[in-house]
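So you can see what is in the structure, the chains are spelled out below.
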Amino acid sequence: MTKTCVDPKKARKILDRYPSGDGTSLIHALQDIQAEFGYVPCEAAELLCEHLSVPISKAFSAATFYKAFSLEPKGDVVIRVCTGTACHIRGAQTLVDELCSILNVAPGKTTKDLKFTLETVNCVGACAMAPVVSLNGEYHGNVQPGTMSKKIRGGK
Ligand code: FES
């Protein structure tokens, strides 16, 4: 987990929703932390584990097992390129390569300025529109190579 500065008051406010010593609340509390901070900061996880009386390893296991959790801060724009079979056949890897080049990051990483996170995902259920890229959850279909730079900067 990344060690960063989080507002302990914000973390405490979340913890106050859960009875102390109740380890069964771990996942719900982690979800609240993820929603508040956009990821699970180390300090917040430590406070949570102390509050719920669970070992930090348990929070770490949950946070790494479930895809809904991130241990790293995400960018303002989360770019997800579908690399499922239909999208792969229709050029998803070219889009991934193009984005890696534009953003200078590898898949799964966030730009240093925290503006963009690039991820690859499995089929998102929109195969008819392949290849599909989502920007903060908004799907773009039939994405052509050479168009990503404009798209991620708000163009269509
Ligand atoms: S494979 Fe990409 S949407 Fe199904």
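Not measured: the values here are computed from a predicted model. (Residues numbered from 1 in each chain as written. Predicted model: local features only at pLDDT ≥ 70, side-chain atom pairs only at ≥ 80, totals over all residues. Heavy atoms only, no water.)

Colleague: Any chance you could break down the sheet that holds strand E1 (residues 77–82) for me, citing the residues and the numbers?
Modeller: Spatially, E2-E1-E3-E4 is the arrangement adopted by the 4 strands of the open sheet, whose pairing is mixed. Of all strands in the sheet, those bounded by a partner on one side alone are strand E2 (116–121) and strand E4 (138–140). Averaged over neighbouring strand pairs, the angle between their axes works out to 25° when direction is ignored. Of the pairings in the sheet, the one linking strand E3 (residues 133–135) to E4 comprises 3 bridges and is antiparallel in character. (Pairing = 2+ DSSP bridges. Helix = DSSP H or I, 4+ residues; strand = E, 2+ residues; numbered from the N terminus. Axes fitted to C-alpha atoms, helices over the stretch in contact; angles between N-to-C directions.)

Colleague: Give a detailed account of the packing of helix H2 (residues 26–37) against helix H3 (residues 42–52), specifying residues and quantitative values.
Modeller: Running from N to C, H2 and H3 cross one another at 155°; their axes reach a closest spacing of 11 Å. The pairing of H2 with H3 is recorded here as roughly antiparallel in orientation. Considering the relative orientation of H2 and H3, their crossing is right-handed. Contacts between H2 and H3 involve Leu-26, Ala-29, Leu-30, Ile-33 and Phe-37 on the former and, on the latter, Ala-44, Leu-48 and Leu-52. (Parallel < 35°, antiparallel > 145°, perpendicular 65-115°, else oblique. Left-handed = near helix turned anticlockwise from the far one by under 90°. Contact = heavy atoms within 4.5 Å.)

Colleague: Help me get a handle on the pairing of E2, residues and values and all.
Modeller: Most of E2 is tucked away, with 5 of its 6 residues classed as buried. Relative to E2, E1 is paired through 6 bridges, and the arrangement is parallel. Paired with Val-78 across the strands is Thr-117, a residue of E2. (Buried < 20%, exposed > 50% of the residue type's maximum accessible area, 1.4 Å probe, protein only.)

Colleague: Provide a residue-level description of unusual backbone geometry, including the pertinent values.
Modeller: In the segment running from Ala-130 into Pro-131, the intervening peptide bond is cis, with an omega of 0°. Its location among the elements puts Pro-131 in the loop between E2 and E3.

Colleague: Any chance you could break down the state of the cysteines for me, citing the residues and the numbers?
Modeller: By the definition in use, this model includes 0 disulfides. In this structure Cys-100 is a free cysteine whose sulfur lies 16 Å from that of Cys-82, the closest cysteine sulfur available. (Disulfide = S-S within 2.5 Å.)

Colleague: Describe the nonpolar core, naming the residues involved and giving the relevant values.
Modeller: Core analysis: the largest hydrophobic core is formed by 24 residues, its most contacted members being Leu-26, Leu-30, Ile-33, Phe-37, Val-40, Leu-48 and Leu-52. Elements with a minimum of two residues in this core: helix H1 (8–15), H2, H3 and helix H4 (56–65). For Ile-33, the residues in contact, after removing those within four places along its chain, are Ile-14, Gly-38, Tyr-39, Val-40, Pro-41, Ala-44 and Leu-48. Listed in part, the 23 residues of the second largest apolar core include Cys-82, Leu-95, Val-132 and Val-143. (Core = buried A, V, L, I, M, F, W, Y, C linked by side-chain atoms within 4.5 Å.)

Colleague: Just give me the short version of the domain arrangement of the chain, but keep the residues and values in it.
Modeller: Looking at the chain, the domain boundaries give domain 1 (8–65) and domain 2 (77–152). Between the C-alpha centres of domain 1 and domain 2 there is a distance of 31 Å. (Domains from an automatic or database assignment.)

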